[in-house]
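What the coordinates show
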Amino acid sequence: MNNADVCILIPTLNEAATIGELIKNFKKEGFSNILVIDGNSKDGTAQIAEAEGARVILQTGKGKGQAMIQAFELIESPYIIMVDGDGTYLAREASSLLKPVLEGRADHVIGNRLNKYSPGAFTKLNLIGNHLINTLFDIVYGVELRDILSGYRAFTLESIRELELNKTGFEIETEISVECILKKQRVEEISITYLPRSKKGATKLNPVKDGIRIGSTIYRLAKVHNPMFYFGIIGFAFILAGLFTGTFVVAQWLQGITRIPLSILTALLIIFGLQMFIFGMLSDLIVTLHRQTVNLIQDRNKQRR
Ligand SMILES: Nc1nc2c(ncn2[C@@H]2O[C@H](COP(=O)(O)OP(=O)(O)OP(=O)(O)O)[C@@H](O)[C@H]2O)c(=O)[nH]1
Ligand SMILES: [Mg+2]
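Scope of this entry: the structure provided in the associated data block. (Residues numbered from 1 in each chain as written. Chains lettered and ligands numbered in written order. Predicted model: local features only at pLDDT ≥ 70, side-chain atom pairs only at ≥ 80, totals over all residues. Heavy atoms only, no water.)

**Observations regarding the side chain of S118**
The residue S118 is located in the loop between β5 (108-117) and α5 (124-141) in this model. If we ignore the near neighbours within four places in the chain, the residues touching S118 are Y194, L195 and P196. (Helix = DSSP H or I, 4+ residues; strand = E, 2+ residues; numbered from the N terminus. Contact = heavy atoms within 4.5 Å.)

Right, here's the structure in full:
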């Protein structure tokens, strides 16, 4: 393997404070094939990147996700390292991230920030949000990944091309992680250092708005992988509401007051909730049968080859 076979992909939006140094550091590590996909930065990020010898492309749409998807289409190198342009990740850790991919042990390697982060790298809110999102992911997909939102990753071109990616914003890392699991790729996590963002460059992430978007992406994508979870949550919410109104109806009835409209509402809530569970069970059956069919076709295809 030649280092030119590795494309260092950096999405940037107004990262003039850090992009030059980052490119220099990757060059020092022997990586010369550097692609910056810029979101029409207003602070000269693209010019700095070009001056440092990176190939710079302007993204045609908006959002980090759109930039990444556009870049994946253009890259031809067999290996890719994706890294944020805000100087929060270390170029010297690139080779340890790449190792499992080069050795053929993994298709996709995630740099796990949660073991070695510097003070101030995560705000309290970001850390709590991260834990919640990773826990939700583990429940829905039944795999233990600690840091699905990490922006430092290494993978093969072949593996990233296999994924169906549509998310345009900060949900892109979530979508990549989900798709890797659905496509049965071998995913590995490696501990990496995570530094605080430079004071000179502003964050583009809104922890509340983007956190909710990421959480709802995991939930919506669960429909095809874990429908029991998807419908079960809705059913659970309705049954809980039904039990709540039902308790009130019974308490009133014991005091001699009959609440007819509320009794009807209680029955409807519980019936609807139970129906959601039945939907979940049926969808689960469909997903399982579909999975068996796909496995059978894949096995047949392998045998033919
Ligand atoms: N091309 C492009 N890059 C973007 C866009 N939004 C963010 N980025 C880049 O994506 C990377 C990650 O964005 P950050 O703002 O650092 O998000 P974060 O790392 O989750 O949040 P912080 O912890 O505050 O750094 C940075 O290099 C940004 O410049 C965009 O719309 N287009
Ligand atoms: Mg960042």
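Read on, since the account is not over.
**A word on α5**
If you check α5, its first and last C-alpha atoms are 26 Å apart, about what 18 residues at 1.5 Å a residue would give, namely 26 Å. Among all positions of α5, only L127, N130, I133, N134, F137, D138, V140 and Y141 are buried. An end-on view of α5 places all buried positions within 165° of arc, on one side of the element. Exposed residues pointing more than 90 degrees away from the buried face of α5 are listed as K124, I128, L132 and I139. Along its buried surface, α5 packs onto β5, α7 (172-182), α8 (207-225) and α9 (227-254). Phi turns positive, to about 60°, at G142, one or two residues after α5. (Expected span 1.5 Å × (residues − 1). Buried < 20%, exposed > 50% of the residue type's maximum accessible area, 1.4 Å probe, protein only. Arc of directions from axis to C-beta.)

**What about the pattern of salt bridges?**
The full count for this structure, using the stated rule, is 16 salt bridges. E103 is the partner of K99 in a salt bridge, and the nearest nitrogen-oxygen pair spans 3.8 Å. Here D107 makes a salt bridge to R186, at a shortest N to O gap of 2.9 Å. Of this pair, D107 sits in the loop between α4 (94-102) and β5 while R186 is found in the loop between α7 and β7 (187-194), placing the two residues 79 residues apart along the sequence. Accessibility expressed as a relative area gives 16% for D107, which makes it buried. (Salt bridge = Lys/Arg side-chain N within 4 Å of Asp/Glu carboxyl O.)

**Topic: the packing of aromatic side chains**
Applying the stated criterion across every chain, the model contains 12 aromatic pairs. Look at Y89 and Y194: their rings are 5.3 Å apart centre to centre, the planes differ by 40°, and that puts the pair in the tilted class. One end of the pair, Y89, is in the loop between β4 (79-82) and α4; the other, Y194, is in strand β7, and 105 residues separate them in sequence. A relative accessible area of 11% means that Y194 is categorised as buried. Between Y117 and F122, the ring centres sit 5.1 Å apart and the planes meet at 85°, which makes this aromatic pair edge-to-face. You can call Y117 partly exposed: its relative accessible area is 35%. (Phe/Tyr/Trp six-rings, centres within 6.5 Å; stacked < 30°, edge-to-face > 60°.)

So, to be careful, I would describe these as geometric facts and stop short of saying anything about function.
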